[in-house]
Structures are given as C-alpha cells and as structure tokens.
Amino acid sequence: MTPQRARLLARLGLAPLWRLRQPADDGAEGEGDVEPAQAPAVVTGSTGALLLPANERAEPDQPALPARQDAGGADWEALELEIRGCAACPLHRQRTQAVPGIGDRHPSWLVVGEGPGAEEDRRGEPFVGPAGQLLDAMLAAVGLSRREGVFIANAVKCRPPGNRTPEADEIASCFPYLRRQVRLLAPRLIVAVGRPAAQALLDQPVRIADARGRVFEFEGIPVIVTYHPAYLLRNPQDKGKAWEDLCRARAMTHPPAGASH
Ligand code: URA
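What this report covers is the structure whose coordinates are included nearby. On a predicted model such as this, the values are computed, not experimentally measured, just so you know. (Residues numbered from 1 in each chain as written. Predicted model: local features only at pLDDT ≥ 70, side-chain atom pairs only at ≥ 80, totals over all residues. Heavy atoms only, no water.)

## Considerations on the overall build of the protein chain
Right, so step 1: When helices and strands are counted, the protein chain shows nine helices and six strands.
Right, so step 2: Across the 261 residues of the protein chain, 49% fall into the buried class.
Right, so step 3: Partitioning the intrachain contacts of the protein chain with sequence separation of at least 6 by distance along the chain shows that 74% fall at a separation of at least 24.
Right, so step 4: Split by element, the accessible area of the protein chain, about 12600 Å² in all, is 50% carbon and sulfur. (Helix = DSSP H or I, 4+ residues; strand = E, 2+ residues; numbered from the N terminus. Buried < 20%, exposed > 50% of the residue type's maximum accessible area, 1.4 Å probe, protein only. Contact = heavy atoms within 4.5 Å. Areas by Shrake-Rupley, 256 points an atom, 1.4 Å probe, with all protein chains shown as cover.)

In structure tokens form, the structure reads like this:
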C-alpha cells in the first residue's frame, strides 16, 4: 500500500480493518493491499445472491442497450436545460436551483445519491457538503474522482424541503431524467448509495444490508448498492463495509492486468 493510500484510509478510519492475515502456511500477520486480487466472475453476498434479472422498466420502443450518444453534445445540454426548468413535481417550488449532476461525461462509474441538500441546492452541485467530502475521499481511495472516472447524480434533482427523504412519487417523476443520464453516460457500473437511489434504479424495495454484495442490473449495466455517505457519517462502524463494496466495484470495472474473465 502506498503511503498516500494509507493516509486516505486513515482519514476514513479504515486502516486497521485492512491488516490482512498472511496465508496460513507462515502464520504471520501483515498488512496487505486492500484491493481484491481480481474481479470476481460472479459477485455473491452474505446471502449468496447472484446476478439478478435485468430491470424491466425499459420502454418497449427503446433498445435495451442504446447506442452511446454524444455525451458532450446537444443531447446532454438539452437534458440539463430540461432538468433546470422542470416543474413536474412539487419539489421545484422550494428549490434555489435544480442539481442535474456533475462529473466525467465518459465515466467508468455513475454514482447515484438521494437528492440535493441545502448546500447542493445553493451551489448547484451534488455532494458538496460533509457527505460529499466523505464520498470524494472514498472515491479517491479507489483511484477515482468526480473529475475523472465518475459522474455523480441524484435520484431527485431538486432539494426535498428540510432534507427529508424524497417521496416515491417525486422519485418516479424525476426518474426519466436519471434514465436519460444513464443512457447518455453509458457507465460501466452504477453505484447506488442509499435506499432511495437503489429503489429508484431497481424498482423494488431494497434493504441496503441485504443488497450489499449483490450485483443488480439496470438496462444491462451492473448496479451495486452500498451505504449512503451521510449514513456512514452517523454510523462510522459501517465504513469498512462500504469500503469493501467500493473495492469490489473497482475490481469489476478495473480488473488487474492479466486477470481472466
Ligand atoms: N446527499 C445526496 O444524496 N445527494 C447529494 O447531492 C447530497 C447529499
């Protein structure tokens, strides 16, 4: 592990978790690399769940795996304009501005959160408060950032008043924007952080503790589910689990050179 990574893990309060035991034949304990040696062919969780059936919300007239459009061009600008002007649900009434999303428009990962908070509503960018700082630190620890490799969006684009959880009908009316973002970005993996994001994408009730470690699918793109960084700030004992999830995700999209699939 590089000193820089060790510092990052220490900042996340994770370092002691990754003191890996050496193989039984020498019985020694030492510090190992935190990343799995190679991407698992099939990811299984504590419940032993395997790849789940594809989400079936693709409209009948849409191809299941649409060809990638020009993610830097007119389609993207048009989508952002629509989001900024959206009045489809009551959330638009109290927003300062809509928060479409930010990041690499040719990402490996799309991270989907819940909805903008007060700071995000003010600045027009997702995950810029304390939860965002933790998210950035976790992404950095797996070599990714909102500048390179990751796009960050939310299940709802306007702040729910008082930072309440978005209602199901608010998530549903915003969902077409998220789906269009997914189609434009064509990420290799979607990371849903927290229950509202996971439920929006998977269209089924989700319990994070049960869904972790399983690989779901949205329009042919693998989806993994992990804890929301705001939850992790309140429950730091679960940071190690989220870190495990991100390492597993990283191994899926960035298998080490020479790893077979
Ligand atoms: N929490 C979220 O889910 N999204 C944000 O953009 C900020 C906090």
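## Quick look at the layout of surface pockets
Right, so step 1: Estimated volume of the largest pocket: approximately 670 Å³.
Right, so step 2: If you go around the largest pocket, you meet 30 residues; those closest to its centre are Glu114, His228, Ala230, Tyr231 and Arg234.
Right, so step 3: Elements supplying a minimum of two residues to the lining of the largest pocket: α3 (118–123), α4 (130–141), α6 (195–202), α7 (208–211) and α8 (229–234).
Right, so step 4: It is α8 that provides the largest number of residues to the lining of the largest pocket, a total of four residues.
Right, so step 5: Residue classes in the lining of the largest pocket are distributed as 15 nonpolar, eight polar and seven charged. (1 Å grid on protein atoms, 1.4 Å probe; cavity = no way out; pocket = protein on both sides within 12 Å on 5 of 7 lines; lining within 4 Å. Points joined across faces, edges and corners; volume = space filled by probe spheres on them. Nonpolar A, V, L, I, M, F, W, Y, C, P; charged D, E, K, R; others polar.)

## Section: the site of the ligand
Right, so step 1: Taken together, Gly113, Glu114, Gly115, Pro116, Glu120, Pro126, Phe127, Asn154 and His228 make up all the residues around the ligand.
Right, so step 2: Glutamate 114 places a main-chain nitrogen or oxygen 2.7 Å from an oxygen atom of the ligand.
Right, so step 3: Residue histidine 228 places a side-chain N or O atom 2.7 Å away from an oxygen atom belonging to the ligand.
Right, so step 4: The fraction of the free accessible surface of the ligand (240 Å²) that becomes covered by protein chains is 91%.
Right, so step 5: Because more than half of its atoms lie within 2 Å of the grid, the ligand is assigned to the largest pocket.
Right, so step 6: Each residue belonging to the shell around the ligand can be placed in one class, and the counts come to three nonpolar, four polar and two charged. (Near = heavy atom within 4 Å. Polar contact = N/O pair within 3.5 Å; in protein donor to acceptor, adjacent residues only side chain to side chain. Sits in = over half its atoms within 2 Å of the grid points.)

## A short note on empty space enclosed by the protein
Right, so step 1: Applying the stated criterion to the full structure yields three cavities of 30 Å³ or more.
Right, so step 2: The space that makes up the largest cavity amounts to roughly 100 Å³.
Right, so step 3: Cys86, Cys89, Leu91, Cys158 and Cys174 are the residues nearest the centre of the largest cavity, which is lined by 13 residues in total.
Right, so step 4: Looking at the lining of the largest cavity, the element that brings in the most residues is helix α5 (residues 168–185), giving four residues.
Right, so step 5: Across the lining of the largest cavity, the residue classes tally to nine nonpolar, two polar and two charged.
Right, so step 6: Looking at the second largest cavity, its volume works out to about 70 Å³.
Right, so step 7: Taken together, 13 residues line the second largest cavity, and the ones lying closest to its centre are Leu135, Met138, Val193, Thr226 and Leu246.
Right, so step 8: At the level of secondary structure, the elements contributing two or more residues to the lining of the second largest cavity comprise β2 (109–113), α4, β4 (189–193), α8 and α9 (239–253).
Right, so step 9: Ranked by residue count, the leading element in the lining of the second largest cavity is α4, at three residues.
Right, so step 10: In the lining of the second largest cavity, the residues fall into 12 nonpolar, one polar and no charged.

## Observations concerning the pattern of salt bridges
Right, so step 1: Enumeration over the complete set of coordinates arrives at 16 salt bridges.
Right, so step 2: Arginine 105 is the salt-bridge partner of glutamate 77, the closest N and O atoms lying 3.2 Å from each other. One end of the pair, glutamate 77, is in helix α2 (residues 74–85); the other, arginine 105, is in the loop between β1 (102–103) and β2, and 28 residues separate them in sequence.
Right, so step 3: Under the relative-accessibility criterion, arginine 105 is labelled partly exposed at 23%.
Right, so step 4: Among the salt bridges present, the one from aspartate 210 reaches arginine 207, with a minimum N-O distance of 3.0 Å. (Salt bridge = Lys/Arg side-chain N within 4 Å of Asp/Glu carboxyl O.)

## What to know about α4
Right, so step 1: Here α4 spans 17 Å end to end across 12 residues, near enough to the 16 Å set by a 1.5 Å rise per residue.
Right, so step 2: Just downstream of α4, glycine 143 is the residue with a positive phi angle, here 80°. (Expected span 1.5 Å × (residues − 1).)

## Structural notes on the sheet that holds β2
Right, so step 1: Pairing within the open sheet is mixed, and its six strands lie in the order β1-β3-β2-β4-β6-β5. Taken across any chain shown, the strands that pair with only one partner, and hence form the sheet edges, are β1 and β5 (216–218).
Right, so step 2: Here β4 pairs with strand β6 (residues 221–226) via four bridges, running parallel. Each residue of the ladder has a partner; that of alanine 192, found in β6, is valine 225.
Right, so step 3: The sheet strands contacting α9 are β2, β4 and β6, and the helix crosses β6 at an angle near 165°. (Pairing = 2+ DSSP bridges. Axes fitted to C-alpha atoms, helices over the stretch in contact; angles between N-to-C directions.)

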